[in-house]
Structure formats: C-alpha cells, structure tokens
Amino acid sequence: MIKSMTGYGRAVQTFENREITVEIRSVNNRYLDCSVKLPRVFGFAEDSVKAKVKEEISRGKVDVFISVNVTAGSDMKISLNRPVLEGYLSAMKTIAADYEVKDDISVSSLTRFSDISVVSQALEKYAAMRTAEGVALEADLRSRAKTVLSLVEKVEARSPVTLAEYRARLTQKMQEVLQNTNIDEGSILQEAAIYADKIAVDEETVRLRSHLAQLDAMLTAGGAIGRKLDFLLQEFNREANTIGSKGNDLEQA
C-alpha cells in the first residue's frame, strides 16, 4: 500500500489539569525535515517527539505543533512521575546487565522517555489520512495506467494498417504518373520499407508495456515509491512523445 506524503493529524488529552494538543501536518519534501514547536518549558521533550516522528515517517516536511493549556488552577508545575521513571530506569539497567551493553544512563536520556502518548495518537490520525489519500492516489494511477494500455493497444493495431494504406497510396500515385505503365514492384516495396522504418513504434510500445508492468509492481509492493515513480513517469512521457513524433496518421496519433 502506498501512502501520500501529505497529511494531517490532531489529538487532545488532559493530564493533571493540563490540556495537551498535538497537531501534525506534512507536505512533500525530498527528505525528512521535522520541526517541533512546543512551549519552552517543555523543550526537553523535543528530541523524544522527533524520534517518535522518525519511527513513523521517512520523507516529507513535517511540522509538529504542541500546546499545553492549564485547565484548572493558576499555577502550572512540572513534577516527576516517579513510578514511570523508576520503571524506565529499572528496564534500562536490566538491558545493560543482561545484554552487556554500555550503561550510559543519564538524566538527559531518561527525559527522552517522557509520556508522549498524545503524539502517538496524533501520528495515528495523521497516518490514517495519509493511507486514505494513498488509496485514492493508487486508484487514480491504476486507472490512468489502464488508459495508457488501451492507447498502446490501439497504436499497435493501427501501425500495420497505416503501412498498408501508405503502400496503396504510393502505388496509386505511381500509376497516375506512369499512366498505367508496368510498375516496378521492387521499388514500391523498397519505398514502403523505408517508410515503415521511419514510423515503426514497436520499441516504444514494448517499453511502455514494460513501464506499465513496473508501475503495477511498484503499486502492489507499496512503501516509499515517490522517487521511482517520478523517474518512471518521465519515461512514460518520453515514449509517448516519440510515438507522437513518428505518427503522422491521425488515428494512430
């Protein structure tokens, strides 16, 4: 399944008289560019939020907006959730002991485990929108691919007819010029062969069919296919332009 690079997600939760709102939006970008805007007093959570975003998003310009409003009382205080913190600390020490990894636990590392469930909820809604848009984009691409295939089939069917019609016109013109004199069949065949070589689109239609097969495979596999898709569509355009320049037959073109 493919996903759109654009999307929007919003989640709101209340914790200890604080209403936390998280909004995530993204637009197309070649690489992942994540910007987090949140109250200065919660600046310690920025790295945690970015890390969470990177787990879910690989490309796009992503803006995360976090606001915190006090819903009761006039003073806002930051307090430790000791049970949660102690749980993280115990788990990290167990990992260090059981798996023989470096024990580099510090205050800054522990603050990265701050509760960011609101961010997770916003990301879920954001992902749902990207998926829905991706489904629509895939359906549109498959519909257009079907149209391209039907046009390729028409070109392939029309090409031999175009050559036969040209040969008939050439024979008629030579008869008119020579006033019914015996016509050299070899000359007609040679001229027709030259013309056929100029208008031959076999290579182009074969490549277009190959591109269509690649497109189908990419859409079926899903994942991040934006760059590959961009290149493939350029190739579609190249072959179509070549067919158009070779085809001087209205029905074929």
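Criteria and cut-off values
- Here the residue numbering is sequential within each chain, running from 1 through the sequence in written order.
- In view of the model being predicted, local features appear only for residues whose pLDDT reaches at least 70, and side-chain atom pairs are presented and counted only at 80 or more, with totals across whole chains, interfaces and linings using the full set of residues.
- Calculation of side-chain values draws on the structure's entire complement of heavy atoms; hydrogens and water are dropped beforehand.
- Helix and strand definitions here come from DSSP, where helices need a minimum of 4 consecutive H or I residues and strands a minimum of 2 consecutive E residues; each element is numbered from the N-terminal end.
- Relative accessibility decides the category of a residue: with a 1.4 Å probe and only protein chains considered, values under 20% of the type maximum give buried, values over 50% give exposed, and everything between is partly exposed.
- Where accessible areas are quoted, they stem from the Shrake-Rupley method and a 1.4 Å probe; at the residue level, only the protein chains shown are allowed to cover.
- Pairing between strands is defined by DSSP: at least two bridges between them are needed.
- Fitted lines through C-alpha atoms serve as axes, helices being fitted only where they are in contact, and the angles separating the N-to-C directions of these axes extend from 0 to 180 degrees.
- Contacts: residue pairs with any heavy atoms within 4.5 Å of one another.
- In this description, a nonpolar core means a group of buried Ala, Val, Leu, Ile, Met, Phe, Trp, Tyr and Cys residues linked to one another through side-chain atoms lying within 4.5 Å.
- For a crossover, the right-handed case is the one in which the path from the first strand over the helix to the second runs clockwise, viewed with the strands pointing away from the viewer.
- The term salt bridge refers to a pairing of a side-chain nitrogen on Lys or Arg with a carboxyl oxygen on Asp or Glu at a separation within 4 Å.
- What a helix is expected to span follows from its residue count: subtract one and scale by 1.5 Å.
- The reported arc concerns the directions from the helix axis to the C-beta atoms and nothing else.
- Per-residue confidence from the predictor is reported as pLDDT, which spans 0 to 100.
- Whenever two N or O atoms come within 3.5 Å, that pair is a polar contact, provided that in protein one can donate a hydrogen and the other can accept it, and provided that, for residues adjacent in sequence, both atoms are side-chain atoms.

Novice: Describe the overall build of the chain, and please don't skip the residues or the numbers.
Specialist: Counting its secondary structure elements, the chain contains seven helices and four strands. Ordered by position from N to C terminus, the α and β elements of the chain give β-β-β-α-β-α-α-α-α-α-α. By residue count, 30% of the 253 residues in the chain fall in the buried class. Here the chain displays about 16400 Å² of accessible surface, and carbon together with sulfur accounts for 53% of that area.

Novice: Let's hear about the sheet that holds strand S4 (residues 60–70): which residues, and what values?
Specialist: Here we have four strands laid out as an open sheet, ordered S1-S2-S4-S3, and mixed in their pairing. Here the strands that pair on one side only, and so sit at the sheet edges, are strand S1 (7–15) and strand S3 (32–37). For this sheet, the mean angle separating the axes of adjacent strands, direction not counted, is 10°. Across nine bridges, S1 lies against strand S2 (residues 18–27) in antiparallel orientation. Within the sheet, the bridge partner assigned to Arg 10 lies in S2 and is Glu 23.

Novice: Lay out the pairing of S2 with the relevant residues and their values.
Specialist: Both faces of the sheet carry side chains from a regular strand, because those side chains alternate between them. Where S2 and S4 come together, ten bridges link them in antiparallel fashion. Bridge pairing links Ile 20 to Val 68 in S4.

Novice: Provide a residue-level description of the environment of Ile 24, including the pertinent values.
Specialist: Structurally, the position occupied by Ile 24 is in strand S2. Here Ile 24 falls in the buried class, since its relative accessible area comes to 0%. Counting along the chain gives 99 residues from Ile 24 to Leu 123, while the straight-line C-alpha distance between them is 7.1 Å. For Ile 24, the contacting residues outside a window of four places in its chain are Gly 7, Tyr 8, Gly 9, Val 62, Asp 63, Val 64, Val 119, Ala 122, Leu 123 and Tyr 126.

Novice: A description of the nonpolar core should follow, citing residues and the corresponding values.
Specialist: Grouped together as the largest cluster of nonpolar side chains are 19 residues, with contacts concentrated most on Val 22, Ile 24, Val 49, Val 53, Val 62, Val 64 and Ile 66. Within the residue set of this core, elements represented by two or more residues are S2, S3, helix H1 (46–56), S4 and helix H4 (117–178). Ranked by size, the runner-up nonpolar core spans 16 residues in total, among them Ile 2, Ala 145, Val 155 and Ile 243.

Novice: I'd love a proper account of the pairing of S3, names of residues and values included.
Specialist: As defined by bridge partners, S3 adjoins S4 across six bridges and the pair is classed as parallel. Residue pairing across strands places Cys 34 opposite Val 62, the latter belonging to S4. A crossover connection joins S3 to the parallel S4 through H1; in handedness this β-α-β unit is left-handed.

Novice: Tell me about the pattern of salt bridges, residues and numbers included.
Specialist: Per the counting criterion, the structure on display carries twelve salt bridges. Here Arg 25 and Glu 23 are joined by a salt bridge, their closest N and O atoms 3.7 Å apart. Looking at Arg 25, the relative accessible area reads 38%, which means it is partly exposed. The class for Glu 23 is partly exposed, based on a relative accessible area of 21%. With a closest N to O distance of 2.9 Å, Arg 207 and Glu 239 form a salt bridge.

Novice: Before we move on, could you go through helix H7 (residues 226–246) and cite the residues and values that matter?
Specialist: The end-to-end C-alpha distance of H7, which contains 21 residues, comes to 31 Å, matching closely the 30 Å that a straight helix rising 1.5 Å per residue would cover. Looking only at H7, the buried set comprises Leu 229, Leu 232, Glu 235, Phe 236, Glu 239 and Ile 243. The buried residues of H7 all sit within an arc of 120° when viewed along its axis, so they share a single face. Pointing more than 90 degrees away from the buried face of H7 are the exposed residues Phe 231 and Ser 245.

Novice: Please provide a residue-by-residue account of the environment of Gln 121, values included.
Specialist: Mapped onto the elements of the fold, Gln 121 is located in helix H4. Sequence separation of Gln 121 and Gln 13 is 108 residues, and the distance between their C-alpha atoms is 9.5 Å. With near-sequence residues (within four places) excluded, Gln 121 lies in contact with Ala 11 and Gln 13.

Novice: So what's going on with the confidence of the model for the chain? Which residues, and what values?
Specialist: Keep in mind that low pLDDT regions are not for reading the predicted coordinates in detail. Put simply, the chain has an average pLDDT of 79, and 72% of its residues get 70 or more. Within the chain, the lowest mean pLDDT, 49, falls on helix H3 (residues 107–111), and the highest, 93, falls on S3.

Novice: Tell me about the side chain of Thr 205, and please be specific about residues and values.
Specialist: Of note, Thr 205 is situated in helix H6 (residues 202–221). Judged by relative accessible area, which is 3%, Thr 205 ranks as buried. A distance of 3.0 Å separates a polar side-chain atom of Thr 205 from the backbone oxygen of Asp 202.

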